[in-house]
Amino acid sequence: MCSLISRKEIKKPLLIVKSIEDFPKQKLSDSQLSRQFDILKKYKEGLTLQEIAREYKLTRERIRQIIERGLLYEAREIIKKGFIIDLNEFLKEKKQKHLLAKKIKHESLKKFVKKNKREKRWSRYYDCCRRCGTVFISHHAHGYCEKCYPKTEIFKEIQTASRLRNIEKRKKYTKEYSKKYSKRPEVIEKRKKRWDLIYFGGNREKALIRDKEQCQLCGLSRSESYKKYNNDLCVVHINDKKNNNLENLITICRICLKLNIGKFKKIKHNLKKIIKKSTPKIKNFNEFN
Ligand SMILES: [Zn+2]
Ligand SMILES: [Zn+2]
């Protein structure tokens, strides 16, 4: 007998049936014949052996046998009419037709599945968000959309629990992050601007430019102060700390500020006088360094 399933066997030379006597002589009842006819029809439509077997509650092997028998019956009827058949070729043709039908069916199934995917539900158990009722924002958890979920009590409980669990980790992380953050050049500039606004009313840079970016007591320039102390020059109020006029501001280096703390309150604003008064101190300062 020749099998239909395995391709290896089909490649082997099959028995060529020449006379009608070689065909199966067993007579089938009407119900058996009709079942065989139905199975053959389904096979030609492209259903796999497994699918047919599932429908009739038989094994796949049994279905294969029935199909084989049916094909032989077909061949016998052709031979009865007087035609001569190469059975090998006949079976090959039938198998190829079956494969083609299977391919077409598979592709059409794929399209059907794709169409069904587009019409899927919003979530597995909910048709829309429990809180706001949207369908357009995608589902996150427990029937809430991505926007509403962080406002729910479920989320808040999880959040507080995780915070309590990871307090020390969080502290470490925030320390490291704040160190890195404060060293960023953009952040430094931003902070400078804010301080400038709060403490000098936006006049700090103007005062620095007016004083030619130099310490008014010792003459240290801005770039040198950066090199020496790794910091900018200071701008100080002379009399009143709330008075942010340019006349009330003066630029000094860090060391001069330390030496002269408390003296600015007494001095009235007169830059030339201050410079003259502080000239002897410069020598002291140089010795100090
Ligand atoms: Zn929502
Ligand atoms: Zn100075």
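Not measured: the values here are computed from a predicted model.

Counting secondary structure elements, the protein contains 12 helices and 4 strands. A total of 289 residues make up the protein; the buried ones form 11% of that total.

Listed in full, the 12 residues of the largest apolar core are Ala207, Cys215, Leu217, Cys218, Leu220, Leu233, Ile238, Leu249, Ile250, Ile252, Cys253 and Cys256. Counting residues per element, this core draws most heavily on strand β4 (residues 249–252), which supplies 3 residues. With residues up to four places along the chain from it excluded, the contact list for Leu220 reads Gln214, Cys215, Ser225 and Cys253. Core analysis: the next-biggest nonpolar cluster, separate from the first, contains 8 residues, Ile39, Ile52, Ile63 and Ile66 among them.

What follows concerns the packing of helix α3 (residues 49–56) against helix α4 (residues 60–80). Relative to each other, α3 and α4 sit at 105 degrees, their axes nearing to 8 Å. Regarding the angle of α3 to α4, the classification is roughly perpendicular. Only Arg60, Ile63 and Arg64 of α4 make contact with α3, whose side of the interface consists of Leu49, Gln50, Ile52 and Ala53. Tallied by class, residues from the contact of α3 with α4 come to 4 nonpolar, 1 polar and 2 charged.

Bringing helix α8 (residues 185–200) into the picture now. Between the first and last C-alpha of α8 there are 21 Å, a value that for 16 residues agrees with the 22 Å anticipated at 1.5 Å per step. With respect to burial, α8 is a largely exposed element, only 0 of its 16 residues being buried. Downstream of α8 by one or two residues, Gly201 has phi in the positive range, about 65 degrees.

Take the confidence of the model for the protein next. Of all residues in the protein, 79% have pLDDT values of 70 or greater, and the mean over the chain is 80. When the criterion is pLDDT under 50, residues 8–15 qualifies, and its contacts beyond four places in sequence or with other chains add up to 8 contacts.

Turning next to the packing of helix α2 (residues 30–45) against α4. Helix-helix packing is characterised by the crossing angle of the two axes and by the distance between the axes. It is at 9 Å that the axes of α2 and α4 come closest, and there the two elements cross at 95 degrees. The orientation of α2 with respect to α4, classified from their angle, is roughly perpendicular. Contacts from Gln36, Ile39, Leu40 and Tyr43 of α2 reach α4 at Ile63, Ile66, Ile67, Arg69 and Gly70. Residue composition of the contact of α2 with α4, grouped by class: 6 nonpolar, 2 polar and 1 charged.

A few words now on the pairing of β4. Burial along β4 is two-sided: the face carrying Leu249 and Thr251 and the face carrying Ile250 and Ile252 are both buried. Bridging between strand β3 (residues 234–237) and β4 involves 4 bridges; their strand directions are antiparallel. Residue pairing in the sheet places Val236 in a bridge with Ile250 of β4.

With that out of the way, let us pick up helix α7 (residues 167–182). In this model, α7 (16 residues) spans 22 Å end to end at C-alpha, consistent with the 22 Å of a helix rising 1.5 Å per residue. Counting buried positions over the 16 residues of α7 gives 0, only a small fraction of the element.

Our focus in this paragraph is unusual backbone geometry. Its identity is not glycine, yet Lys57 carries a phi of approximately 55 degrees, on the positive side. Considering the arrangement of structural elements, one finds Lys57 in the loop between α3 and α4. You will see that Lys212, though not glycine, has its phi angle at about 55 degrees, which is positive. Given 11 C-beta atoms within a 10 Å radius, Lys212 is considered exposed.

Procedures and definitions
Residues numbered from 1 in each chain as written. Chains lettered and ligands numbered in written order. Predicted model: local features only at pLDDT ≥ 70, side-chain atom pairs only at ≥ 80, totals over all residues. Helix = DSSP H or I, 4+ residues; strand = E, 2+ residues; numbered from the N terminus. Buried ≥ 20, exposed ≤ 12 C-beta atoms within 10 Å, placed from the backbone. Core = buried A, V, L, I, M, F, W, Y, C linked by C-beta atoms within 7 Å. Contact = placed C-beta atoms within 7 Å. Axes fitted to C-alpha atoms, helices over the stretch in contact; angles between N-to-C directions. Parallel < 35°, antiparallel > 145°, perpendicular 65-115°, else oblique. Nonpolar A, V, L, I, M, F, W, Y, C, P; charged D, E, K, R; others polar. Expected span 1.5 Å × (residues − 1). pLDDT = per-residue confidence, 0-100. Pairing = 2+ DSSP bridges.

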